[in-house]
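# Results of the structural survey
Residues per chain, in single letters:
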Amino acid sequence: MDRIHNKQRFLQILNGSPMAIASDETTRICNHCDRAIPSSNIDLHYAHCSRNLEKCKVCGDMIPIKYAEEHFLDTHAPVACSLCSETMERGNLDIHKGENCPQRIVTCEFCEFPLPAIDLAEHQEVCGNRTEMCYLCNRYIRLRERYNHETRCTGIAENNLESSRDVRAAEREQGAPRRQPPEYSRRRLLFTIAITGIAVLFGSLFFQKKAETAQVMIDNGILQLTLSNPDGIVTGIRYNNIDNLLEVLNEESNRGYWDLVWNSTGTTGTTGSFDVIKGTSFNVIVETEDQVEVSFSRSWGSSQDSKLVPLNIDKRFIVLRGCSGFYSYAIYEHLKDWPGFTLAETRLAFKLRKDKFHYMAMADNRQRYLPLPDDRLPGRGQALAYPEAVLLVNPVEPEFKGEVDDKYQYSCDNKDSQVHGWICTDQPAVGFWMVTPSNEFRSGGPVKQNLTSHVGPTTLAVFLSAHYSGEDLVPKFNAGEAWKKVFGPVFIYLNSGMEGEDPLSLWEDAKQKMVIEVESWPYTFPASDDFPKSNQRGNLSGRLLVKDRYVSEENIAANGGYIGLAPPGNAGSWQRECKDYQFWSNTDVNGYFVINDVRPGDYNLYAWVPGFIGDYQSPHLITIAPGSEIEVGDLIFEPPRNGPTLWEIGIPDRSAAEFYVPDPNPIYINKLYLNHPDRFRQYGLWERYAELYPDGDVVYTVGTSDYKKDWKIENNKYEGSTWEIRFKLDNVDQSNSYILRVAIASATFSELQVRINDPKAKALFTSGLIGRDNSIARHGIHGLYWVYNVDIPGKLLLQPDNTIFLTQPRNTSPFQGIMYDYIRLEAPPSSSSSSNQ
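Residues numbered from 1 in each chain as written. Predicted model: local features only at pLDDT ≥ 70, side-chain atom pairs only at ≥ 80, totals over all residues. Heavy atoms only, no water.

### Description of the environment of Ala690
- For Ala690, the location among the structural elements is in helix α11 (residues 685-692).
- Accessibility expressed as a relative area gives 30% for Ala690, which makes it partly exposed.
- Distance from Ala690 to Glu719, taken between C-alpha atoms, is 9.7 Å for residues 29 residues apart in sequence. (Helix = DSSP H or I, 4+ residues; strand = E, 2+ residues; numbered from the N terminus. Buried < 20%, exposed > 50% of the residue type's maximum accessible area, 1.4 Å probe, protein only.)

### So, a nonpolar patch on the surface
- A cluster of nonpolar residues, Val58, Phe72 and Leu73, forms a patch on the protein surface that exposes about 250 Å² of accessible area.
- One can find Val58 in the loop between β3 (53-55) and β4 (62-64).
- Taking the relative accessible area as the measure of exposure, Val58 reaches 45% and is therefore partly exposed. (Patch = residues over 30% accessible without salt bridge, like charges linked within 9 Å, V, L, I, M, F, W, Y side chains within 5 Å. Areas by Shrake-Rupley, 256 points an atom, 1.4 Å probe, with all protein chains shown as cover. Salt bridge = Lys/Arg side-chain N within 4 Å of Asp/Glu carboxyl O.)

### Digging into the side chain of His454
- Take His454: it is sitting in strand β31 (residues 453-454).
- Given the relative accessible area of 12%, His454 is considered buried.
- Those residues in contact with His454 that sit more than four places away from it in its chain are Leu370, Lys407, Tyr410, Trp422 and Leu460. (Contact = heavy atoms within 4.5 Å.)

### Points about the side chain of Asn539
- Positionally, Asn539 belongs in strand β35 (residues 538-546).
- When sequence neighbours within four positions are dropped, the list of residues in contact with Asn539 reads Ile595, Asn596, Asp597, Ser628, Glu629 and Ile630.

### Remarks on the pairing of β35
- Burial analysis of β35 places 8 of its 9 residues in the buried class, the great majority of the element.
- For β35 and strand β39 (residues 592-598), the ladder comprises 5 bridges, and the chain directions are antiparallel. In the strand pairing of β39, Gly538 is matched with Val598.
- As paired elements, β35 and strand β43 (residues 629-637) share 7 bridges and run parallel to each other. Bridge pairing in β43 links Arg543 to Asp634.
- For β35 and strand β36 (residues 556-557), the ladder comprises 2 bridges, and the chain directions are antiparallel. Following the sheet pairing, Val546 is matched in β36 by Ile556. (Pairing = 2+ DSSP bridges.)

### Here we look at unusual backbone geometry
- Cis geometry marks the peptide bond from Gln427 to Pro428; its omega dihedral reads -10°.
- With respect to the helices and strands, Pro428 occurs in the loop between β28 (419-424) and β29 (430-435).
- Residues Gly456 and Pro457 are joined by a peptide bond in cis, for which omega reads -10°.
- Along the chain, Pro457 turns up in the loop between β31 and β32 (458-464).
- In this structure, Asn240 takes a positive phi of about 55° despite not being glycine.
- Looking at the element boundaries, Asn240 is found in the loop between β14 (234-239) and β15 (256-264).
- Of note, the phi angle at Phe749 is positive, near 45°, even though the residue is not glycine.
- For Phe749, the location among the structural elements is in strand β47 (residues 737-750).
- Exposure remark for Phe749: the relative accessible area of 34% places this residue in the partly exposed category.

Below, the structure written as structure tokens:
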């Protein structure tokens, strides 16, 4: 602070003022700074000025030379607004964000809802036309006219309204009060935490059950959250005059809960003991007029060996004043002297009322009315090839008859799964949303797929799972391995509409709220020291360039690349990392990136770029310290490349989405995915391959075939299959090797064998048994990513006709198979080989 203060004072002295120059003394213009200087001082001034100052090329100010670079970086360096991406001088950024940015968050003057400034006028045009009753005259007044009305209102009620309102006698005698703001916003809000023994009576014509439980209730005037004590199970959420948004017909332990799947050391696979996590100790962590945070914890001891997962678990719930929702996070800890274990899954789940929540939304083009859970029961639903998939044969609502319901049809990449949930379309409509503001605590990186919301009605926050990856993403903890991780916080957001308002507006509101939560990350209010705040984290920035001289003589800006910090490992190891934290961002059109709010620790920097195969990894560890600002400069990613491209099939983007997706079997339909970009999510597409190719397999002719029509996303027909790639070479360099690069988007208990020009020859290459991601069965267009580079000796190639045979011989299950991402044949670096295409 002293240096900055002295620098500013020095500039003030040098810049001077008219009072510093005697009015009766002649002056001369300094040839260096262009200022009028008393003639008697000009030589001394010039010597000092030319030695110590330089003119800023941008603004023209004279700046001390030693501060010139700092002046440019602080004032003129181009920087992109994190909200709207507009580029400007850094000195103008604060004013832009505070006053001019179209994406800055402002609040509606009528409903106080926060939203981007660019949307304010349209929102207020609608919102201002809403009406509310004046409590003086009982007339309905537009919100935009409310202030002027209240200043001149006489308090005389119109007869036609007075007779239709149930006005209390005391109000009629004393005069109705002027309308007040909501209670929670005009006075100190009092939270209530009620810990009581209560008798709850469950009754019907068939049975009644009496249970005595202890409960914790948190009420902020908008919602009332009830949790069992000390279990920490969410048993009730009261909101908008609905006594409980959760399924009251379920047992209390099956409404809102954290759970996990675990196994003892030495076991393999993705299954294990299912545990709805119940606390044994309750504590109030924070209780103020603005916040309540409560803890339900469970400690592990040796007496629980083989009975409970060897973890200390602390589940937290937070309610804030004036907030229409609540937050939850959990801290898992394994001490060094405890036994080892595997953790196949952990998540937060909510089971909503099936009589109210029927409409599910997870994206603008992935939302619909869903069947009832009863429709999946025997007699109404017919189990298909695996238990999660059910054909609805006699649903309660006939419109769903003939559809397939499968929760995996609503899976989503982590990067795209920031908000999802349900709408109760009863008037006024109510929304229940799971908002995940960060992916730092999720395993597997940005393209790992997880479940979201599905028939139940169920809403999930999945933090760790083996879905679309298999055992590779099941963390294995050894005895003697200390570990601690914070999962969350996530935000459970509740919203409601006005009477008669379109219920789907709640989805738009939930998306806006998600943006606000993302901008607020990392949160400032969680009380645990294990959750570092923003000033306890670090930031990293730089630029990623791609070097591929067979594509461009110049380095290519990595537009739309994925770049992230993850625990140290090998190139691409981040997609199998499942114990610690990851922090990902995207590069802009010029390759620049910023990764903000990284937890302190040692990381490798990883990246991959759509359009190029392979993975980038930084050559050195990067250490993030609290408050650090690290600039790594230009990073050069050299994707695998040996020679010029002879031909290629597909797009290198780690997905098989560009290839041909067959029409679904008419008896297995999900109406959402008819004429939809994600049509690959239809059930049973693996069966269509045998129908399309009853007597043979794919034959792809380079230069004639179109991969969008002639290359399939799956290759399973209950038997091994061999696909052919036919191509021509005018010249063959028999003294050098060619390179076949095969990028695989998904593999399930499969094997890739490569043969050249002889389908019965010994395989030139085999991958061995690979993959357990089950993407074929679970409607995913990708799983884990694999790249194989196959050397093809030139002597195996012919002039002009050649065929590459790709064989997948494994055939013991209908779900075994490979989804290709991209295939490329490269000539030797100095070869004159060419292909006829």
